[in-house]
There are 2 protein chains.
Amino acid sequence: MKKVNLAEKLAMFSTHWDPHVVASYNGNDVMVVKFTGEFPFHKHDTTDDFFLILEGEVTLDGEDGDAVTLGPGELCVVPKGMIHRPRATSEAKVLLIEPKGEPNSGDSDRPPATKPTI
Amino acid sequence: MKKVNLAEKLAMFSTHWDPHVVASYNGNDVMVVKFTGEFPFHKHDTTDDFFLILEGEVTLDGEDGDAVTLGPGELCVVPKGMIHRPRATSEAKVLLIEPKGEPNSGDSDRPPATKPTI
């Protein structure tokens, strides 16, 4: 059994929109990531997308103008197939869970994402 | 898209060792739970077991004397098949992820656990 301290993992990198794998759960990558600015609208056709905010504030925009703004200790699971866009006015730190190798953009034409493990 | 505030969900019940479902991720229950005292040693034969500490301190004991103690912002994924026991000297609040219906005790002879959704 291995303890994972999320703040220590987040201190190991400074890039944005660059998930780093910290654990594995039943074939899913458990990741930490830093957001700032806007990510493109996208969807994941075959998987839900799990976001838990650790620090800062993140808005998830839906295609239809629907939006949720999440702070620390708040989570949202975006259902598979739903177009969405994460954005953060200032840096936010997030726990993400997605199936291993899922592209960040959800684009199935892309090769599996190579996400570093820390 | 639905925002889940974990502190608000945890304020809705006071029982211990009684996970409440707050979201669903690809057929997994995302749950909040309060621990105090010791849970029996057990294992889950077919699934990993995800623990993220939200408040307080939790020790996960392994059968062989191996133990990890986790505080807020720390997580551990107990691999499937590994005998373990969560314990907490005082109340701790935890985010758990397990496949829908998995018994808390991992006992496959029991019917699927009926965990309330809040």
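To be clear, the structure that these remarks concern was listed above.
All values reported here derive from a predicted model rather than from experimental measurement.

1. Thoughts on unusual backbone geometry
Part 1 of the reasoning: Its identity as a non-glycine residue notwithstanding, Asn26 of chain A has a phi of 45 degrees, on the positive side.
Part 2 of the reasoning: Following the sequence through the fold, Asn26 of chain A ends up in the loop between β2 (20-25) and β3 (28-38).
Part 3 of the reasoning: Backbone geometry at Trp17 of chain B places phi at a positive 55 degrees, although glycine is not the residue there.
Part 4 of the reasoning: By the secondary structure assignment, Trp17 of chain B is in the loop between α1 (6-10) and β2 (20-25).

2. Overview of the relation of the copies chain B and chain A
Part 1 of the reasoning: Superposing chain B onto chain A requires a rotation of 180 degrees together with a translation of 0.0 Å along the rotation axis, leaving an RMSD of 0.0 Å. Seen this way, the second copy is the image of the first under a two-fold rotation axis.
Part 2 of the reasoning: When the interface residues of chain B are mapped onto chain A, 100% of them again lie at the interface, so the same face is used by both copies.

3. What about the packing of aromatic side chains?
Part 1 of the reasoning: Within this structure, the stated rule accounts for eight aromatic pairs over all chains.
Part 2 of the reasoning: Centre to centre, the rings of Trp17 of chain A and Phe35 of chain A are 4.4 Å apart; their planes meet at 20 degrees, and the pair counts as stacked. Placement of the pair is Trp17 of chain A in the loop between α1 (6-10) and β2 and Phe35 of chain A in strand β3, with a sequence separation of 18 residues.
Part 3 of the reasoning: Judged by relative accessible area, Phe35 of chain A falls into the buried class, the value being 4%.
Part 4 of the reasoning: With a centroid separation of 6.3 Å and an interplanar angle of 80 degrees, the aromatic rings of Phe50 of chain A and Tyr25 of chain B are classed as edge-to-face. Of the two residues, Phe50 of chain A sits in strand β4 (residues 49-55) while Tyr25 of chain B sits in strand β2, which places them in two different chains.
Part 5 of the reasoning: The exposure class of Phe50 of chain A is buried, given its relative accessible area of 1%.
Part 6 of the reasoning: The class of Tyr25 of chain B is buried, set by a relative accessible area of 1%.
Part 7 of the reasoning: Here the aromatic residues Trp17, Phe35, Phe39 and Phe51 of chain A are joined through ring pairs into a cluster of three or more.
Part 8 of the reasoning: Sitting over the face of the ring of Phe13 of chain A, Lys34 of chain A holds its NZ or CZ atom 5.2 Å from the ring centroid.

Definitions and limits used
- Residues numbered from 1 in each chain as written.
- Chains lettered and ligands numbered in written order.
- Predicted model: local features only at pLDDT ≥ 70, side-chain atom pairs only at ≥ 80, totals over all residues.
- Heavy atoms only, no water.
- Helix = DSSP H or I, 4+ residues; strand = E, 2+ residues; numbered from the N terminus.
- Least-squares fit on C-alpha atoms with pLDDT ≥ 70 in both.
- Contact = heavy atoms within 4.5 Å.
- Phe/Tyr/Trp six-rings, centres within 6.5 Å; stacked < 30°, edge-to-face > 60°.
- Buried < 20%, exposed > 50% of the residue type's maximum accessible area, 1.4 Å probe, protein only.
- Lys NZ or Arg CZ within 6 Å of the ring centre and 35° of its normal.

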